[in-house]
Number of protein chains: 2
Amino acid sequence: MFKIRSLVTALTLAGAVSAASAAETLPTTAPAPADNPTTEAKVELGQMLYHDPRLSSTGTVSCASCHNTMLGGEDNRPNAMGVNGQTGGRSAPTVWNAAFNKVQFWDGRAASLEEQAAGPVTNPIEMGMKSWDDVVARLNPIEGYKEAFAKAFGTDSTITRDNATKAIAAYERTLITPNSPYDRYAGGEESALTPQQVRGMNKAVELGCTGCHSGPAFNGPGTFQHFPVIDNGYFEAQYHFKKDKGLAEVTKKTEDEHMWKVPTLRNIALTAPYFHNGSVKTLDKAVQVMAKVQLGKELSKEETADIVAFLNSLTGEFPQQKMPMLPGTPGNTFN
Amino acid sequence: MFKIRSLVTALTLAGAVSAASAAETLPTTAPAPADNPTTEAKVELGQMLYHDPRLSSTGTVSCASCHNTMLGGEDNRPNAMGVNGQTGGRSAPTVWNAAFNKVQFWDGRAASLEEQAAGPVTNPIEMGMKSWDDVVARLNPIEGYKEAFAKAFGTDSTITRDNATKAIAAYERTLITPNSPYDRYAGGEESALTPQQVRGMNKAVELGCTGCHSGPAFNGPGTFQHFPVIDNGYFEAQYHFKKDKGLAEVTKKTEDEHMWKVPTLRNIALTAPYFHNGSVKTLDKAVQVMAKVQLGKELSKEETADIVAFLNSLTGEFPQQKMPMLPGTPGNTFN
């Protein structure tokens, strides 16, 4: 089902990956599954649904509340805050370039954006709807949604969970941030990176970061990875990484304990705080922790600064979006 | 400071206001105070601040959370929900066309949009910031805001409460919804209203609704009004209108008890539930309640439907906005 990479494998791979071979620019379009081709009407509907707080029990939380498309695709909080001020144990991952993840959620338990989109809506501490039937019942009386579903899905345009999550996923596939300084450098514009950023990039390769964080979204070649690989009492006492068992929380399998999706490094400068539990506030600390618990390396202040400078070069260009106008519920309240 | 209209005055006025004289179209620009002229750079900054959840203690609530610019300018909730799921006793008024209110907040306690904008940010159950100094301390490290304030305010571009609220108010002055069917009708396009809507409009004038709800935003000629004027035990038992003393909650003056700003009727079809405490779910019930407790009139089902049809003609055209990209806090969390 997925690859488990040991530290040894990661280090071996790292040696084989050069800065040059890591230099893949971010595609400007994302592949879509055969049963959900990306169309303009679907993207438009998806953008509406994504930003509609009426998809939550209190009418206050939309997908965008935790995965903010006006910011780095998340909420800059240690843990996301759902309906009625409830919080869970995990930090919201960014929606930008999520189209390039092989699996979704921190623990990778969803195979697609479509599957992911269905989850938070009925999670009691996130959007808190009792069921997707309730969501459908809430959307059905909204005339503007009927029209938007018809435009997006033609003959099979019933308002259903399937169609709603397809539209949301189609919209998310457009949330791509190309043309970062790194991409321009990789495309041949040598001055796009500062000498410090180039040093940081080479250091990241040399250390082995790119063993797991390579490819255009810096989230491959594998899908899952053990974290933390090396036990570290000092960091564990501060950050409690191991309190959450990752994929094993879902599968209950010993081999899945502390297995996590390899997250993208794209726009990482904008998505503090860091790690699955948002326990590390700054990017330089996050880099030091990763070097230590994944690769067994102690970084100097200069090396850390260089790598952080490189990571800052992964901040891309955010597409100018139009603000969706959500269809109203004329003359009545939403619940 | 403000006019108190008794029922008698309201009814007298109503008699004097004809459908023709009520026919004022909504201006497409709003007047600005001398010390805060509306400029493009200020509007752009204001739009960012308005949509930035980092202006709240939890980083989850922006002005737009309760005054949603993707919807009817509010949240369709009986009472607004602030940080940590807290709720107050009042319903969020719409931000659309708020520029045409003579005073702001339900109880009219703020004289300007600038003054209003400062309030919710430090209200413990709304955005929950301890002080504007804390807001400034949070915004100061964000490089993109420094640039946006400089662009908006030139030589005096320090990030301060004054400048932030000026920018937010400048943005809000652009939130105008012209060209409603009613406006087109008032401008001479007779077919813009259905015969039922014309009947409803004439009935509203005849009943005396326009004694308080006249002018381009249907929120004048006076500024404040007593509500409810006529005690009604049946409605009071259901809706508890009098539990909240309105302006007197602030001024502590007997003469201000149950005095409220006359709210605009623009886009009212999109802003259910109704009244200061959001206690009435539907527009037809709201119309019946108003007729009874303000004017002493019992409406038939047909009269109610006609007036509701007319009110639906006050839904305007919402300007296409670009979605603001909020400047990030590179490499660090917001708090």
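Being a predicted model, the structure only gives us computed values, none of them experimental.

Undergrad: Whenever I open this one, the overall build of chain A confuses me. Can you help?
TA: For chain A, the helix and strand inventory stands at 14 helices and two strands. Against the globule reference of 20 Å for 335 residues, chain A gives a C-alpha radius of gyration of 20 Å, in line with a compact fold. The principal-axis extents of the C-alpha atoms in chain A amount to approximately 65 × 45 × 30 Å. Expressed as a percentage of the 335 residues in chain A, the buried residues total 53%. For chain A, restricting intrachain contacts to residue pairs at least 6 apart in sequence, the fraction spanning at least 24 positions comes to 71%.

Undergrad: Quick question: what am I supposed to make of the relation of the copies chain A and chain B here?
TA: Think of it as a corkscrew move, a rotation about one axis and a shift along it, taking one chain copy to the other. For the match of chain A to chain B, the screw axis carries a shift of 0.0 Å, the RMSD comes to 0.0 Å, and the turn is 180 degrees. Here the two chains are linked by the operation of a two-fold rotation axis. The share of interface residues of chain A whose copies in chain B are also at the interface is 100%, consistent with both copies meeting through the same surface.

Undergrad: I would appreciate a short explanation of the domain arrangement of chain A in the present structure.
TA: Residue and element names in this part refer to chain A. According to the domain assignment, chain A contains domain 1 (7-27 + 177-312) and domain 2 (40-172). With 26 residues of domain 1 at the contact, the number on the domain 2 side is 23 residues. Elements supplying a minimum of two residues to the side of domain 1 that touches domain 2: α12 (248-251) and β2 (259-261). Of the residues contributing to the side of domain 1 that touches domain 2, the split by class is eleven nonpolar, eleven polar and four charged.

Undergrad: Looking at this structure, I do not really get helix α8 (residues 161-172) of chain B. What am I missing?
TA: Within an α-helix, residues lying three or four positions from one another point in the same direction, as the helix has 3.6 residues per turn. Residues and elements named next belong to chain B. Given a rise of 1.5 Å per residue, twelve residues ought to cover 16 Å, and the 16 Å separating the end C-alpha atoms of α8 matches this to within 8%. The element α8 is extensively covered by neighbouring structure, given that ten of its twelve residues are classed as buried. Looking at α8, one finds that the buried residues are Asn163, Ala164, Thr165, Lys166, Ala167, Ile168, Ala169, Ala170, Tyr171 and Glu172. Looking at the buried positions of α8, the neighbouring elements they touch are α3 (40-50), α4 (63-66), α5 (113-121) and α7 (143-153).

Undergrad: Any chance you could explain unusual backbone geometry here in plain terms?
TA: Leaving glycine out, the prevailing phi sign among residues is negative, and the prevailing peptide bond configuration is trans. Residues and elements named next belong to chain B. In this model, Gly220 is joined to Pro221 through a cis peptide bond whose omega is 10 degrees. Topologically, Pro221 is positioned in the loop between α10 (195-207) and β1 (224-226). Residue Pro228 is reached from Phe227 by a cis peptide bond, and omega for that bond is -10 degrees. Along the chain, the position of Pro228 falls in the loop between β1 and α11 (233-239). For Asn179, which is not a glycine, the phi torsion comes out positive at approximately 60 degrees. Looking at the element boundaries, Asn179 is found in the loop between α8 and α9 (181-186). Although it is not a glycine, Lys252 sits at a positive phi angle of roughly 60 degrees. Its location among the elements puts Lys252 in the loop between α12 (248-251) and β2 (259-261).

Undergrad: Could you clarify how one ought to interpret the environment of Thr165(B) in this entry?
TA: Residues and elements named next belong to chain B. Within the secondary structure, Thr165 is located in helix α8. For the pair Thr165 and Phe310, spaced 145 residues apart in sequence, the C-alpha separation works out to 35 Å. If near-sequence neighbours (up to four positions away) are discounted, Thr165 is found in contact with Glu114, Ala117 and Ala118.

Quick notes on the rules
- Residues numbered from 1 in each chain as written.
- Chains lettered and ligands numbered in written order.
- Predicted model: local features only at pLDDT ≥ 70, side-chain atom pairs only at ≥ 80, totals over all residues.
- Helix = DSSP H or I, 4+ residues; strand = E, 2+ residues; numbered from the N terminus.
- Rg over C-alpha atoms; globule rule 2.2 N^0.38 Å.
- Buried ≥ 20, exposed ≤ 12 C-beta atoms within 10 Å, placed from the backbone.
- Contact = placed C-beta atoms within 7 Å.
- Least-squares fit on C-alpha atoms with pLDDT ≥ 70 in both.
- Domains from an automatic or database assignment.
- Nonpolar A, V, L, I, M, F, W, Y, C, P; charged D, E, K, R; others polar.
- Expected span 1.5 Å × (residues − 1).

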